Amino acid sequence: MRFLRIEGAIVIRIGPIELPGDRVDDGVRVNDSTNSRGGGFDMSNLDPSMIDHIEVIRGAASAIYGAEAMGGVINIVTRSGLDEPGTYVAGAAGAGGQNYLAVNARAATGEGSFRSAAGASKLKDGSDAEGGYLDLSQYTAAARWTIDPSSAINLNVRRSERRSTSLPDDSGGLRLAEIRTLDQKSGSETAVSARGTWGYAPMTLNVSGTFYRHLESIDSPGVAPGVRSDIGVPASNSNTDYRRSNGSANAVIHLGGDNELAVGAEYQREQGGNHTVYTLFGMAIPVDFDLTRNTRSAFAELKWIAARDLTVRAGARYDSIDDNGSQTSPTLGVRYNLPSIDAALRASYSEGFKPPSFFVLGLPVELGGNPNLRAEHSKGGSLGYDQRFWDGKASAGLAVFKTKYTDLVTFDNETNQTVNANEVNIYGAELEGAIRPTARLGIQAHFTRLVSHVVDSDEPLRQRPGRRGGVRVTWMPRDDAQLSWRTEYAAQTFDSSIPTGNLTLPTYLRSDVTCSWLWRKGLSLTLAVDNVFDKENESYVGAVAPGRRFRASIGVEM
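Quick notes on the rules
- Residues numbered from 1 in each chain as written.
- Predicted model: local features only at pLDDT ≥ 70, side-chain atom pairs only at ≥ 80, totals over all residues.
- Heavy atoms only, no water.
- Helix = DSSP H or I, 4+ residues; strand = E, 2+ residues; numbered from the N terminus.
- Buried < 20%, exposed > 50% of the residue type's maximum accessible area, 1.4 Å probe, protein only.
- Contact = heavy atoms within 4.5 Å.
- Salt bridge = Lys/Arg side-chain N within 4 Å of Asp/Glu carboxyl O.
- Pairing = 2+ DSSP bridges.
- Phe/Tyr/Trp six-rings, centres within 6.5 Å; stacked < 30°, edge-to-face > 60°.
- Lys NZ or Arg CZ within 6 Å of the ring centre and 35° of its normal.
- Patch = residues over 30% accessible without salt bridge, like charges linked within 9 Å, V, L, I, M, F, W, Y side chains within 5 Å.
- Areas by Shrake-Rupley, 256 points an atom, 1.4 Å probe, with all protein chains shown as cover.

**Details of the environment of Pro234**
- With respect to the helices and strands, the residue Pro234 is situated in the loop between strand E13 (203-220) and strand E14 (235-256).
- Take Pro234: its relative accessible area is 22%, and that puts it in the partly exposed class.
- With 48 residues separating them along the chain, Pro234 and Gly282 place their C-alpha atoms 10.0 Å apart.
- For Pro234, the contacting residues outside a window of four places in its chain are Gly222, Tyr278, Thr279 and Leu280.

Dropping the structure here:
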(Lines give C-alpha, C1' and ligand atoms only; values in the text may rest on other atoms or scores of the structure.)
Protein backbone atom coordinates (compact mmCIF):
# COMPACT_ATOMS: atom_id res chain seq x y z
CA MET A 1 0.00 0.00 0.00
CA ARG A 2 1.53 3.33 -1.03
CA PHE A 3 0.38 6.79 0.06
CA LEU A 4 0.90 10.04 -1.84
CA ARG A 5 1.16 12.56 0.94
CA ILE A 6 2.62 15.93 1.89
CA GLU A 7 4.12 15.73 5.37
CA GLY A 8 3.06 18.72 7.41
CA ALA A 9 6.28 18.54 9.41
CA ILE A 10 8.59 19.14 6.46
CA VAL A 11 6.85 21.94 4.57
CA ILE A 12 9.40 24.71 4.07
CA ARG A 13 8.31 28.29 4.58
CA ILE A 14 9.76 31.46 3.10
CA GLY A 15 13.25 32.49 4.07
CA PRO A 16 16.69 30.91 4.10
CA ILE A 17 16.92 27.66 6.05
CA GLU A 18 20.65 27.01 5.95
CA LEU A 19 22.17 23.55 6.22
CA PRO A 20 25.69 23.40 7.70
CA GLY A 21 28.26 20.87 6.60
CA ASP A 22 28.58 19.38 3.15
CA ARG A 23 25.17 18.98 1.57
CA VAL A 24 24.59 16.61 -1.33
CA ASP A 25 21.51 16.18 -3.50
CA ASP A 26 21.30 12.65 -4.96
CA GLY A 27 25.07 12.47 -4.53
CA VAL A 28 25.75 15.91 -6.10
CA ARG A 29 27.40 18.48 -3.81
CA VAL A 30 25.36 21.66 -3.90
CA ASN A 31 27.00 24.06 -1.43
CA ASP A 32 27.51 27.40 -3.20
CA SER A 33 30.87 28.93 -2.29
CA THR A 34 29.97 32.36 -3.71
CA ASN A 35 27.25 33.27 -1.21
CA SER A 36 27.68 35.46 1.86
CA ARG A 37 26.73 32.64 4.25
CA GLY A 38 29.97 30.74 3.74
CA GLY A 39 28.53 28.13 1.38
CA GLY A 40 25.29 27.27 3.19
CA PHE A 41 22.40 25.93 1.12
CA ASP A 42 18.97 27.56 1.05
CA MET A 43 16.43 24.77 1.50
CA SER A 44 13.72 26.76 -0.28
CA ASN A 45 15.42 25.63 -3.51
CA LEU A 46 13.85 22.19 -2.96
CA ASP A 47 10.20 21.19 -3.20
CA PRO A 48 9.40 18.92 -0.19
CA SER A 49 6.92 16.91 -2.28
CA MET A 50 9.79 15.71 -4.50
CA ILE A 51 11.90 14.40 -1.59
CA ASP A 52 11.95 10.65 -1.00
CA HIS A 53 14.12 10.53 2.12
CA ILE A 54 16.99 12.30 3.88
CA GLU A 55 20.19 10.65 5.10
CA VAL A 56 22.34 12.30 7.79
CA ILE A 57 25.92 11.57 8.83
CA ARG A 58 26.78 13.25 12.12
CA GLY A 59 30.25 14.58 12.80
CA ALA A 60 33.14 15.40 10.51
CA ALA A 61 33.14 13.27 7.35
CA SER A 62 35.97 14.81 5.34
CA ALA A 63 37.80 11.45 5.25
CA ILE A 64 35.05 10.18 2.93
CA TYR A 65 33.52 13.30 1.37
CA GLY A 66 36.41 15.75 1.41
CA ALA A 67 36.23 19.52 1.69
CA GLU A 68 33.29 21.17 3.49
CA ALA A 69 32.19 17.99 5.32
CA MET A 70 33.51 19.54 8.53
CA GLY A 71 30.31 19.25 10.55
CA GLY A 72 28.50 16.37 8.86
CA VAL A 73 26.83 15.34 5.62
CA ILE A 74 23.18 15.61 4.60
CA ASN A 75 22.08 13.65 1.53
CA ILE A 76 18.64 14.53 0.18
CA VAL A 77 17.35 11.83 -2.16
CA THR A 78 14.61 12.91 -4.56
CA ARG A 79 11.79 10.64 -5.71
CA SER A 80 12.52 8.83 -8.95
CA GLY A 81 10.22 5.81 -9.23
CA LEU A 82 13.03 3.64 -10.60
CA ASP A 83 12.51 1.05 -7.86
CA GLU A 84 8.79 0.68 -8.60
CA PRO A 85 8.15 -1.97 -11.30
CA GLY A 86 5.87 -1.46 -14.25
CA THR A 87 4.54 1.70 -15.83
CA TYR A 88 2.68 4.29 -13.78
CA VAL A 89 1.73 7.95 -13.56
CA ALA A 90 1.22 9.66 -10.20
CA GLY A 91 0.31 13.20 -9.29
CA ALA A 92 -0.87 15.32 -6.40
CA ALA A 93 -2.34 18.78 -5.94
CA GLY A 94 -2.64 20.69 -2.69
CA ALA A 95 -3.87 24.00 -1.38
CA GLY A 96 -3.97 25.70 1.99
CA GLY A 97 -3.72 28.85 4.04
CA GLN A 98 -1.17 31.63 3.52
CA ASN A 99 -1.45 31.27 -0.28
CA TYR A 100 -0.07 27.73 -0.35
CA LEU A 101 -0.49 25.96 -3.70
CA ALA A 102 1.35 22.82 -4.84
CA VAL A 103 1.16 20.50 -7.83
CA ASN A 104 3.47 17.62 -8.66
CA ALA A 105 3.49 14.69 -11.06
CA ARG A 106 5.76 11.71 -11.67
CA ALA A 107 5.85 9.01 -14.33
CA ALA A 108 7.97 5.88 -14.74
CA THR A 109 8.21 3.21 -17.37
CA GLY A 110 10.19 0.12 -18.25
CA GLU A 111 10.79 -3.30 -16.77
CA GLY A 112 13.75 -5.62 -16.72
CA SER A 113 17.17 -4.14 -17.49
CA PHE A 114 16.16 -0.56 -18.32
CA ARG A 115 13.91 1.86 -16.44
CA SER A 116 13.36 5.59 -16.73
CA ALA A 117 11.34 8.16 -14.79
CA ALA A 118 10.56 11.87 -14.83
CA GLY A 119 8.87 14.32 -12.49
CA ALA A 120 7.82 17.95 -12.24
CA SER A 121 6.44 20.14 -9.48
CA LYS A 122 5.21 23.67 -8.85
CA LEU A 123 5.10 25.28 -5.41
CA LYS A 124 3.80 28.71 -4.44
CA ASP A 125 3.78 29.93 -0.87
CA GLY A 126 3.45 33.18 1.08
CA SER A 127 3.08 36.81 0.00
CA ASP A 128 4.94 40.11 0.30
CA ALA A 129 2.56 41.16 3.06
CA GLU A 130 3.63 38.11 5.10
CA GLY A 131 7.33 38.89 4.69
CA GLY A 132 7.96 37.19 1.39
CA TYR A 133 6.79 34.67 -1.18
CA LEU A 134 8.21 31.68 -3.02
CA ASP A 135 7.50 30.53 -6.58
CA LEU A 136 9.44 27.33 -7.27
CA SER A 137 9.42 25.00 -10.28
CA GLN A 138 11.35 21.75 -10.19
CA TYR A 139 12.01 19.06 -12.81
CA THR A 140 13.67 15.67 -12.37
CA ALA A 141 14.68 12.80 -14.63
CA ALA A 142 16.33 9.47 -13.89
CA ALA A 143 17.36 6.34 -15.76
CA ARG A 144 18.92 3.02 -14.82
CA TRP A 145 20.44 0.34 -16.99
CA THR A 146 21.04 -2.94 -15.16
CA ILE A 147 23.80 -4.86 -16.90
CA ASP A 148 23.86 -7.85 -14.55
CA PRO A 149 23.05 -8.44 -10.84
CA SER A 150 26.27 -6.69 -9.77
CA SER A 151 26.60 -4.04 -12.51
CA ALA A 152 24.48 -1.01 -13.36
CA ILE A 153 24.59 2.55 -14.72
CA ASN A 154 22.47 5.32 -13.16
CA LEU A 155 21.71 8.85 -14.40
CA ASN A 156 19.94 11.57 -12.38
CA VAL A 157 19.08 15.15 -13.39
CA ARG A 158 17.40 17.89 -11.32
CA ARG A 159 16.54 21.41 -12.46
CA SER A 160 15.02 24.08 -10.21
CA GLU A 161 13.87 27.59 -11.08
CA ARG A 162 12.93 30.01 -8.31
CA ARG A 163 11.58 33.50 -7.78
CA SER A 164 11.20 34.79 -4.25
CA THR A 165 11.14 37.80 -1.96
CA SER A 166 12.21 38.19 1.65
CA LEU A 167 13.55 40.75 4.06
CA PRO A 168 17.39 40.90 4.14
CA ASP A 169 19.38 38.90 6.67
CA ASP A 170 19.96 40.69 9.99
CA SER A 171 17.31 43.31 9.14
CA GLY A 172 15.07 42.47 12.10
CA GLY A 173 12.49 40.67 10.00
CA LEU A 174 8.92 41.71 9.35
CA ARG A 175 8.48 42.76 12.96
CA LEU A 176 11.52 45.04 13.36
CA ALA A 177 13.01 46.00 9.97
CA GLU A 178 13.12 49.77 9.37
CA ILE A 179 13.45 49.44 5.59
CA ARG A 180 10.32 47.54 4.56
CA THR A 181 11.32 46.90 0.95
CA LEU A 182 11.99 43.20 0.29
CA ASP A 183 14.90 41.49 -1.41
CA GLN A 184 13.98 40.43 -4.95
CA LYS A 185 15.59 37.11 -5.85
CA SER A 186 15.62 34.87 -8.89
CA GLY A 187 17.79 31.90 -9.67
CA SER A 188 18.17 28.41 -11.03
CA GLU A 189 19.96 25.19 -10.09
CA THR A 190 21.07 22.30 -12.26
CA ALA A 191 22.42 19.06 -10.77
CA VAL A 192 23.50 16.09 -12.89
CA SER A 193 25.07 12.81 -11.83
CA ALA A 194 26.14 9.71 -13.75
CA ARG A 195 27.27 6.64 -11.83
CA GLY A 196 28.43 3.21 -12.90
CA THR A 197 29.04 0.06 -10.86
CA TRP A 198 30.70 -3.06 -12.20
CA GLY A 199 31.28 -6.28 -10.28
CA TYR A 200 34.49 -8.24 -10.93
CA ALA A 201 34.83 -10.78 -8.14
CA PRO A 202 36.38 -10.25 -5.67
CA MET A 203 36.15 -6.52 -6.50
CA THR A 204 33.54 -3.88 -7.29
CA LEU A 205 34.48 -0.85 -9.39
CA ASN A 206 32.55 2.42 -8.96
CA VAL A 207 32.92 5.41 -11.29
CA SER A 208 30.95 8.67 -11.08
CA GLY A 209 30.79 12.12 -12.59
CA THR A 210 28.69 15.02 -11.29
CA PHE A 211 27.97 18.60 -12.31
CA TYR A 212 26.28 21.40 -10.38
CA ARG A 213 25.50 24.98 -11.42
CA HIS A 214 23.76 27.72 -9.44
CA LEU A 215 22.76 31.08 -10.93
CA GLU A 216 21.27 33.79 -8.72
CA SER A 217 20.34 37.46 -8.97
CA ILE A 218 19.49 39.52 -5.88
CA ASP A 219 18.27 43.12 -5.72
CA SER A 220 18.48 44.16 -2.06
CA PRO A 221 17.40 47.44 -0.42
CA GLY A 222 19.98 46.93 2.33
CA VAL A 223 19.57 47.23 6.10
CA ALA A 224 19.22 50.48 8.04
CA PRO A 225 21.77 51.41 10.75
CA GLY A 226 21.05 50.08 14.23
CA VAL A 227 22.46 48.98 17.54
CA ARG A 228 24.97 46.56 15.99
CA SER A 229 26.12 48.76 13.09
CA ASP A 230 26.32 52.51 12.57
CA ILE A 231 26.06 52.18 8.78
CA GLY A 232 23.91 49.05 8.38
CA VAL A 233 24.18 47.15 5.11
CA PRO A 234 24.23 49.15 1.85
CA ALA A 235 21.74 48.49 -0.93
CA SER A 236 23.11 46.19 -3.62
CA ASN A 237 22.40 44.41 -6.86
CA SER A 238 24.31 41.16 -7.38
CA ASN A 239 24.61 38.34 -9.91
CA THR A 240 26.46 35.11 -9.17
CA ASP A 241 27.39 32.06 -11.23
CA TYR A 242 28.82 29.03 -9.44
CA ARG A 243 29.81 25.71 -11.07
CA ARG A 244 31.28 22.51 -9.64
CA SER A 245 32.44 19.51 -11.68
CA ASN A 246 33.52 16.30 -9.99
CA GLY A 247 34.87 12.95 -11.14
CA SER A 248 35.75 9.99 -8.92
CA ALA A 249 36.61 6.31 -9.11
CA ASN A 250 37.05 3.70 -6.40
CA ALA A 251 37.55 -0.03 -6.10
CA VAL A 252 36.00 -2.02 -3.26
CA ILE A 253 38.00 -5.18 -2.64
CA HIS A 254 36.00 -7.91 -0.88
CA LEU A 255 38.44 -9.63 1.46
CA GLY A 256 36.08 -12.34 2.66
CA GLY A 257 34.06 -12.62 5.83
CA ASP A 258 32.44 -9.19 5.20
CA ASN A 259 35.86 -7.50 5.35
CA GLU A 260 36.30 -4.82 2.70
CA LEU A 261 38.96 -2.38 1.54
CA ALA A 262 38.02 0.63 -0.62
CA VAL A 263 40.62 2.79 -2.38
CA GLY A 264 39.93 5.62 -4.76
CA ALA A 265 40.74 9.01 -6.23
CA GLU A 266 38.71 12.15 -6.95
CA TYR A 267 39.11 15.40 -8.86
CA GLN A 268 36.94 18.48 -8.31
CA ARG A 269 36.92 21.84 -10.10
CA GLU A 270 35.03 24.86 -8.75
CA GLN A 271 34.41 28.09 -10.64
CA GLY A 272 32.62 31.01 -9.05
CA GLY A 273 31.96 34.51 -10.29
CA ASN A 274 30.16 37.43 -8.68
CA HIS A 275 29.28 40.91 -9.91
CA THR A 276 27.80 43.21 -7.26
CA VAL A 277 27.14 46.94 -7.25
CA TYR A 278 26.77 48.46 -3.75
CA THR A 279 25.13 51.86 -3.27
CA LEU A 280 26.75 53.72 -0.37
CA PHE A 281 26.13 57.41 0.37
CA GLY A 282 24.71 57.80 -3.11
CA MET A 283 27.80 56.33 -4.78
CA ALA A 284 27.88 53.14 -6.85
CA ILE A 285 30.69 50.80 -5.72
CA PRO A 286 31.22 47.83 -8.09
CA VAL A 287 32.71 44.59 -6.72
CA ASP A 288 33.70 41.71 -8.98
CA PHE A 289 35.50 38.42 -8.56
CA ASP A 290 35.96 35.31 -10.67
CA LEU A 291 37.78 32.47 -8.89
CA THR A 292 38.70 28.89 -9.74
CA ARG A 293 39.75 26.15 -7.32
CA ASN A 294 40.93 22.61 -8.13
CA THR A 295 41.04 19.80 -5.57
CA ARG A 296 42.84 16.48 -6.12
CA SER A 297 42.13 13.71 -3.66
CA ALA A 298 43.04 10.13 -2.76
CA PHE A 299 41.29 8.07 -0.10
CA ALA A 300 41.06 4.63 1.48
CA GLU A 301 38.63 2.99 3.90
CA LEU A 302 38.79 -0.39 5.63
CA LYS A 303 35.96 -2.38 7.15
CA TRP A 304 37.41 -5.09 9.41
CA ILE A 305 35.47 -7.72 11.34
CA ALA A 306 38.03 -8.07 14.10
CA ALA A 307 35.96 -10.57 16.06
CA ARG A 308 32.50 -12.06 15.87
CA ASP A 309 30.93 -9.06 17.59
CA LEU A 310 33.58 -6.40 16.93
CA THR A 311 33.59 -4.26 13.76
CA VAL A 312 36.22 -1.62 13.02
CA ARG A 313 36.06 1.00 10.28
CA ALA A 314 39.07 3.17 9.52
CA GLY A 315 39.65 5.65 6.74
CA ALA A 316 41.89 8.47 5.58
CA ARG A 317 41.78 11.03 2.80
CA TYR A 318 44.41 13.33 1.31
CA ASP A 319 43.25 16.53 -0.42
CA SER A 320 45.50 18.91 -2.35
CA ILE A 321 43.74 22.25 -2.85
CA ASP A 322 44.84 25.13 -5.06
CA ASP A 323 46.18 28.05 -3.00
CA ASN A 324 45.17 26.30 0.25
CA GLY A 325 47.80 23.63 0.68
CA SER A 326 46.99 20.01 1.50
CA GLN A 327 44.80 18.40 4.12
CA THR A 328 44.80 14.89 5.60
CA SER A 329 41.58 13.73 7.27
CA PRO A 330 41.41 10.47 9.29
CA THR A 331 38.35 8.70 10.65
CA LEU A 332 37.93 5.72 12.98
CA GLY A 333 34.82 3.92 14.19
CA VAL A 334 34.35 0.88 16.43
CA ARG A 335 31.19 -1.07 17.22
CA TYR A 336 30.97 -3.94 19.72
CA ASN A 337 27.76 -5.94 19.88
CA LEU A 338 26.51 -7.46 23.14
CA PRO A 339 24.13 -10.16 21.85
CA SER A 340 23.38 -11.58 25.29
CA ILE A 341 21.56 -8.36 26.25
CA ASP A 342 20.67 -7.20 22.70
CA ALA A 343 22.86 -4.08 22.98
CA ALA A 344 25.89 -2.45 21.37
CA LEU A 345 28.71 -0.07 22.28
CA ARG A 346 30.12 2.34 19.70
CA ALA A 347 32.87 4.92 19.49
CA SER A 348 34.16 7.21 16.74
CA TYR A 349 36.81 9.82 16.00
CA SER A 350 37.04 12.02 12.92
CA GLU A 351 38.63 15.18 11.56
CA GLY A 352 37.28 17.60 8.99
CA PHE A 353 38.09 20.81 7.17
CA LYS A 354 36.48 23.51 5.07
CA PRO A 355 38.38 25.88 2.76
CA PRO A 356 37.35 29.56 2.78
CA SER A 357 34.40 30.47 0.59
CA PHE A 358 34.91 32.32 -2.68
CA PHE A 359 32.84 35.19 -1.24
CA VAL A 360 35.29 36.08 1.56
CA LEU A 361 38.33 35.37 -0.65
CA GLY A 362 37.04 37.51 -3.51
CA LEU A 363 35.54 40.41 -1.55
CA PRO A 364 37.87 43.47 -1.55
CA VAL A 365 39.84 44.04 1.64
CA GLU A 366 38.18 47.47 1.96
CA LEU A 367 34.82 45.69 2.30
CA GLY A 368 36.03 43.02 4.73
CA GLY A 369 37.45 40.36 2.40
CA ASN A 370 40.69 38.50 3.03
CA PRO A 371 42.53 36.52 0.30
CA ASN A 372 44.89 34.98 2.89
CA LEU A 373 42.35 33.05 4.95
CA ARG A 374 43.20 29.51 6.05
CA ALA A 375 40.94 26.46 5.99
CA GLU A 376 38.73 25.82 9.02
CA HIS A 377 39.30 22.53 10.89
CA SER A 378 37.46 20.24 13.26
CA LYS A 379 38.42 17.29 15.49
CA GLY A 380 35.85 15.33 17.40
CA GLY A 381 34.61 12.04 18.72
CA SER A 382 31.65 10.33 20.32
CA LEU A 383 30.80 7.41 22.61
CA GLY A 384 27.45 5.67 22.36
CA TYR A 385 25.33 2.87 23.74
CA ASP A 386 22.35 1.29 21.95
CA GLN A 387 19.85 -1.02 23.64
CA ARG A 388 16.88 -2.95 22.27
CA PHE A 389 13.99 -4.15 24.45
CA TRP A 390 10.82 -6.14 24.21
CA ASP A 391 11.96 -8.48 21.43
CA GLY A 392 12.99 -5.54 19.26
CA LYS A 393 9.74 -3.59 19.66
CA ALA A 394 11.51 -0.82 21.59
CA SER A 395 14.97 0.71 21.42
CA ALA A 396 17.01 3.47 23.06
CA GLY A 397 20.35 5.06 22.30
CA LEU A 398 22.60 7.46 24.19
CA ALA A 399 25.63 9.23 22.75
CA VAL A 400 28.02 11.80 24.22
CA PHE A 401 30.14 13.87 21.87
CA LYS A 402 32.80 16.58 21.78
CA THR A 403 34.19 18.56 18.83
CA LYS A 404 36.86 21.24 18.65
CA TYR A 405 36.74 23.75 15.78
CA THR A 406 39.80 25.86 15.00
CA ASP A 407 40.64 28.68 12.58
CA LEU A 408 36.95 29.47 12.20
CA VAL A 409 36.29 32.32 9.81
CA THR A 410 34.73 35.30 11.56
CA PHE A 411 34.34 39.06 11.11
CA ASP A 412 36.55 41.26 13.28
CA ASN A 413 34.60 44.43 14.13
CA GLU A 414 37.79 46.28 15.20
CA THR A 415 39.64 45.80 11.90
CA ASN A 416 36.50 45.48 9.74
CA GLN A 417 37.98 42.40 8.11
CA THR A 418 37.19 38.71 7.86
CA VAL A 419 39.84 36.73 9.77
CA ASN A 420 40.72 33.27 11.11
CA ALA A 421 40.24 33.78 14.81
CA ASN A 422 37.74 31.79 16.76
CA GLU A 423 38.24 28.46 18.44
CA VAL A 424 35.01 26.78 19.46
CA ASN A 425 34.49 23.75 21.69
CA ILE A 426 31.18 21.94 21.42
CA TYR A 427 30.11 19.02 23.56
CA GLY A 428 26.90 17.42 24.66
CA ALA A 429 24.70 14.35 24.66
CA GLU A 430 21.98 12.96 22.46
CA LEU A 431 19.22 10.57 23.52
CA GLU A 432 16.94 8.74 21.10
CA GLY A 433 14.17 6.24 21.69
CA ALA A 434 11.47 4.37 19.79
CA ILE A 435 8.68 2.00 20.71
CA ARG A 436 6.11 0.08 18.69
CA PRO A 437 3.56 -1.27 21.19
CA THR A 438 1.37 -2.57 18.36
CA ALA A 439 1.82 -3.20 14.64
CA ARG A 440 -0.19 -0.02 13.95
CA LEU A 441 1.29 2.39 16.51
CA GLY A 442 4.82 3.78 16.58
CA ILE A 443 6.40 6.44 18.83
CA GLN A 444 9.80 8.08 18.34
CA ALA A 445 11.49 10.66 20.58
CA HIS A 446 14.80 12.50 20.69
CA PHE A 447 16.54 15.01 22.96
CA THR A 448 19.87 16.84 22.55
CA ARG A 449 21.82 18.80 25.12
CA LEU A 450 24.40 21.05 23.46
CA VAL A 451 27.01 23.26 25.10
CA SER A 452 29.23 25.53 23.02
CA HIS A 453 32.11 27.70 24.18
CA VAL A 454 33.81 30.31 22.00
CA VAL A 455 37.39 30.72 23.26
CA ASP A 456 38.38 34.29 24.19
CA SER A 457 34.83 35.56 23.67
CA ASP A 458 31.83 36.13 25.90
CA GLU A 459 29.49 35.94 22.91
CA PRO A 460 27.98 32.48 22.24
CA LEU A 461 27.22 31.05 18.82
CA ARG A 462 24.06 32.38 17.18
CA GLN A 463 20.98 30.23 16.72
CA ARG A 464 22.36 27.22 18.60
CA PRO A 465 19.79 26.21 21.25
CA GLY A 466 21.27 24.39 24.24
CA ARG A 467 18.32 22.01 24.44
CA ARG A 468 16.32 20.53 21.60
CA GLY A 469 13.85 17.67 21.50
CA GLY A 470 10.90 16.18 19.72
CA VAL A 471 8.29 13.44 19.62
CA ARG A 472 6.59 11.80 16.65
CA VAL A 473 3.59 9.49 16.88
CA THR A 474 2.41 7.48 13.88
CA TRP A 475 -0.85 5.54 14.00
CA MET A 476 -2.55 3.44 11.34
CA PRO A 477 -6.15 2.87 12.52
CA ARG A 478 -6.69 0.71 9.40
CA ASP A 479 -4.68 -0.53 6.43
CA ASP A 480 -5.64 2.41 4.21
CA ALA A 481 -5.23 5.28 6.72
CA GLN A 482 -2.41 6.92 8.66
CA LEU A 483 -2.21 9.69 11.27
CA SER A 484 1.10 11.41 12.07
CA TRP A 485 1.63 13.90 14.92
CA ARG A 486 5.00 15.59 15.36
CA THR A 487 6.12 18.10 18.01
CA GLU A 488 9.50 19.86 18.07
CA TYR A 489 10.94 21.91 20.93
CA ALA A 490 13.99 24.18 21.25
CA ALA A 491 15.07 26.12 24.33
CA GLN A 492 15.80 29.85 24.39
CA THR A 493 18.39 30.78 21.75
CA PHE A 494 20.98 33.54 21.45
CA ASP A 495 20.68 35.61 18.28
CA SER A 496 21.51 39.06 16.94
CA SER A 497 20.37 41.58 14.35
CA ILE A 498 21.48 45.04 13.24
CA PRO A 499 18.51 46.95 14.74
CA THR A 500 18.53 45.11 18.09
CA GLY A 501 22.07 43.90 18.75
CA ASN A 502 22.36 40.72 20.83
CA LEU A 503 19.29 39.21 22.45
CA THR A 504 17.67 35.89 23.39
CA LEU A 505 14.85 34.36 21.38
CA PRO A 506 12.01 32.71 23.30
CA THR A 507 11.39 28.97 23.48
CA TYR A 508 10.37 27.32 20.21
CA LEU A 509 7.49 24.82 20.22
CA ARG A 510 5.66 23.59 17.15
CA SER A 511 3.25 20.74 16.49
CA ASP A 512 2.10 19.49 13.08
CA VAL A 513 -0.44 16.81 12.27
CA THR A 514 -1.03 14.95 9.00
CA CYS A 515 -3.83 12.52 8.11
CA SER A 516 -3.63 10.40 4.95
CA TRP A 517 -5.90 7.76 3.63
CA LEU A 518 -6.50 5.80 0.45
CA TRP A 519 -9.96 6.97 -0.57
CA ARG A 520 -10.30 4.34 -3.26
CA LYS A 521 -7.88 2.44 -5.50
CA GLY A 522 -5.40 4.91 -7.00
CA LEU A 523 -6.89 7.93 -5.19
CA SER A 524 -5.60 9.29 -1.87
CA LEU A 525 -6.45 12.28 0.32
CA THR A 526 -4.15 14.14 2.74
CA LEU A 527 -5.19 16.72 5.33
CA ALA A 528 -2.57 18.62 7.33
CA VAL A 529 -2.50 21.25 10.05
CA ASP A 530 0.78 23.15 10.45
CA ASN A 531 1.56 24.82 13.80
CA VAL A 532 -1.51 23.27 15.45
CA PHE A 533 -1.38 25.45 18.57
CA ASP A 534 -0.80 28.69 16.61
CA LYS A 535 2.49 29.29 18.44
CA GLU A 536 4.30 32.57 17.56
CA ASN A 537 7.72 31.00 17.11
CA GLU A 538 10.55 33.37 16.19
CA SER A 539 13.12 31.42 14.17
CA TYR A 540 15.46 34.41 13.98
CA VAL A 541 15.20 38.00 15.20
CA GLY A 542 11.93 39.62 14.09
CA ALA A 543 10.91 36.72 11.83
CA VAL A 544 7.82 35.36 13.52
CA ALA A 545 6.71 32.09 11.94
CA PRO A 546 3.27 31.93 10.31
CA GLY A 547 0.38 30.89 12.50
CA ARG A 548 -1.86 27.87 12.21
CA ARG A 549 -2.41 26.69 8.64
CA PHE A 550 -4.68 24.06 7.10
CA ARG A 551 -3.70 22.23 3.91
CA ALA A 552 -5.31 19.55 1.80
CA SER A 553 -4.04 17.53 -1.15
CA ILE A 554 -5.38 14.86 -3.46
CA GLY A 555 -3.14 12.23 -5.02
CA VAL A 556 -3.89 10.13 -8.08
CA GLU A 557 -1.97 7.08 -9.26
CA MET A 558 -2.53 5.13 -12.46
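The structure having been displayed, the exposition proceeds.
**Description of the pattern of salt bridges**
- For the structure on display, the rule yields 29 salt bridges.
- The salt bridge involving Arg158 is made with Glu189; its shortest N-O contact spans 3.0 Å. Of this pair, Arg158 sits in strand E11 (residues 151-166) while Glu189 sits in strand E12 (residues 183-200), and the two are 31 residues apart along the sequence. Each member of the pair, Arg158 together with Glu189, is buried.

**Focus on the pairing of strand E22 (residues 417-438)**
- The pairing of strand E21 (residues 394-412) with E22 spans 17 bridges and is classified as antiparallel. Looking at the pairing, Ser395 lines up with Ala434 of E22.
- Hairpin connection between E22 and strand E23 (residues 441-454): a loop of two residues separates the two successive antiparallel strands.

**Side note on the packing of aromatic side chains**
- Summed over the entire model, instances satisfying the criterion amount to two aromatic pairs.
- Geometrically, the ring pair formed by Tyr242 and Phe358 is edge-to-face, given 6.3 Å between the ring centres and 65 degrees between the ring planes. Here Tyr242 is found in strand E14, whereas its partner Phe358 is found in helix H3 (residues 358-362), with 116 residues between them in sequence.
- Its end group placed over the ring of Trp390, Lys393 keeps NZ or CZ at 5.4 Å from the ring centre.
- Looking at Arg551, its charged tip hangs above the ring of Tyr100, at a distance of 5.3 Å from the centre.

**Quick notes on a nonpolar patch on the surface**
- Judged by side-chain polarity, Phe389, Trp390, Ile435, Ile443 and Val471 come together as a nonpolar surface patch covering roughly 430 Å² of accessible area.
- Looking at the secondary structure, you find Ile435 in strand E22.

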